[in-house]
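# Tertiary structure, described
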Amino acid sequence: VSFDDKGLGAGSYVSLQWKELGVRLSAKELKPGTGGYMPNGYPRLFNTSQAVDSSGYGTLGLSGPYGNVLIVQQTGGHEQWKANELGGIISLEFSSPVDEVLDVGLLNVVESVLVQVTDVDGATHSTMVAALGPNSYKNIIINVQSVLQVDLMLNGPVAVTHVSICSTPVSDNQWPTDLPSTVPSKSPAPSMAPSLSAAPSL
């Protein structure tokens, strides 16, 4: 599940765009009062090739050759992108258990990240990723089988580049057909320059 999907514009709020893989995305606050702009509970795509605008607004630590990555949008000024400084939770829910979750890519790991994977038996498998500094990239090996949900608990302005799964594609009728609007704001998101490369592959 690479979030550098060329068919989706940078700035898009996303949820069911990967439903052919049986994936539903959602976002919420890490803790009450930590903020984050999540219309209808959707995370947002951020273009790493345009990490800041001409006035310096954005998240510099998210610059790099990753194309679109997934963030929890900062509250306020949401017509332009900036990752929430206090982080948030990004969840991937699967419409049917996936055979295996292989790995997760994280960018700008300035604070720790807790990866929680829930399997069909209700067991939770946790991996803690220590802070690595601005613009850092970390690929976390998971290798958990029969997975129902992945929760990424971001303690800072961290982005997700991809989540690798081993699964049989599902039919479209397993998810609702409605999709979130592209950018629910008064002003357009920054235009997207061509991304330098796709998200890292295994």
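Above this text you will find the structure in question.
Description of the structure in this document. Not measured: the values here are computed from a predicted model.

This part takes up the overall build of the chain. Looking only at helices and strands, the chain features zero helices and eight strands. Each helix and strand of the chain, placed in order from N terminus to C terminus, yields the pattern β-β-β-β-β-β-β-β. Looking at the 202 residues of the chain, the share that counts as buried comes to 50%. Counted over contacts in the chain with a minimum sequence separation of 6, partners at least 24 positions apart contribute 76%.

Further remarks concern the packing of aromatic side chains. One pass over the full model with this rule turns up four aromatic pairs. On the basis of an interplanar angle of 85° and a centroid distance of 5.3 Å, the ring pair of Phe3 and Trp18 is categorised as edge-to-face. Here Phe3 is found in the segment before strand 1 (23–28), whereas its partner Trp18 is found in the segment before strand 1, with 15 residues between them in sequence. The class of Trp18 is buried, set by a relative accessible area of 4%. With a centroid separation of 5.2 Å and an interplanar angle of 40°, the aromatic rings of Phe46 and Trp81 are classed as tilted. Of this pair, Phe46 sits in strand 2 (residues 44–47) while Trp81 sits in the loop between strand 3 (68–71) and strand 4 (88–107), placing them 35 residues apart in sequence.

With respect to the secondary-structure elements, Val98 resides in strand 4. What makes Val98 buried here is its relative accessible area of 1%. Residues contacting Val98, with those up to four places away along its chain left out, are Gln145, Ser146, Val147, Ile165, Cys166 and Ser167.

Here we take up the nonpolar core. One finds Phe3, Trp18, Phe94, Val101, Leu106, Val150 and Val160 to be the most contacted residues of the largest nonpolar core, which totals 35 residues. Elements with a minimum of two residues in this core: strand 1, strand 4, strand 5 (113–119), strand 7 (137–154) and strand 8 (159–166). The residues touching Val101, leaving out its near neighbours within four places in the chain, are Phe94, Ile142, Asn143, Val144, Val147, Val150, Val163, Ser164 and Ile165. In terms of nonpolar packing, the next biggest core, distinct from the first, is built from 11 residues, Ala10, Tyr66, Val69 and Ile71 among them.

Along the chain, Asp103 falls in strand 4. Salt bridges are absent for the buried Asp103, whose nearest opposite-charge side chain, Lys138, sits at 12 Å. Within polar-contact distance, the side chain of Asp103 engages the side chain of Asn139 at 3.1 Å.

Pairing of strand 5 with strand 6 (residues 124–129) involves six bridges; the strand directions are antiparallel. Its bridge partner being in strand 6, Leu114 is matched across the sheet by Met128.

Our focus in this paragraph is the pattern of salt bridges. Oppositely charged side chains can pair when the atoms bearing their charge come close. Within the structure shown, the criterion is met by two salt bridges. With a closest N to O distance of 3.7 Å, Arg24 and Glu93 form a salt bridge. Of this pair, Arg24 sits in strand 1 while Glu93 is found in strand 4, placing the two residues 69 residues apart along the sequence.

Checked against the element boundaries, Val147 lands in strand 7. Overall, the relative accessible area of 0% leaves Val147 in the buried class. For Val147 and Thr118, which are 29 residues apart along the polypeptide, the C-alpha to C-alpha distance reads 5.8 Å. The residues contacting Val147, other than those within four sequence positions of it, are Phe94, Ser96, Pro97, Val98, Val101, Val117, Thr118 and Asp119.

For the rest of this paragraph, the subject is the side chain of Asn108. Examined against the element boundaries, Asn108 turns out to sit in the loop between strand 4 and strand 5. Look past the residues within four positions of Asn108 in its chain and what remains in contact with it is Thr59, Gly61, Leu62, Gly133, Pro134, Asn135, Ser136, Pro157 and Val158.

If you check the backbone angles, Asn40 has positive phi at about 60° while not being a glycine. As for its position among the elements, Asn40 is in the loop between strand 1 and strand 2. In this structure, Asn135 is a non-glycine residue whose phi angle is positive, near 65°. You can see Asn135 is positioned in the loop between strand 6 and strand 7. Accessibility expressed as a relative area gives 38% for Asn135, which makes it partly exposed.

About the criteria used
Residues numbered from 1 in each chain as written. Predicted model: local features only at pLDDT ≥ 70, side-chain atom pairs only at ≥ 80, totals over all residues. Heavy atoms only, no water. Helix = DSSP H or I, 4+ residues; strand = E, 2+ residues; numbered from the N terminus. Buried < 20%, exposed > 50% of the residue type's maximum accessible area, 1.4 Å probe, protein only. Contact = heavy atoms within 4.5 Å. Phe/Tyr/Trp six-rings, centres within 6.5 Å; stacked < 30°, edge-to-face > 60°. Core = buried A, V, L, I, M, F, W, Y, C linked by side-chain atoms within 4.5 Å. Lys, Arg positive; Asp, Glu negative; His and termini not counted. Salt bridge = Lys/Arg side-chain N within 4 Å of Asp/Glu carboxyl O. Polar contact = N/O pair within 3.5 Å; in protein donor to acceptor, adjacent residues only side chain to side chain. Pairing = 2+ DSSP bridges.

Shape is all these values report; function is a separate question.
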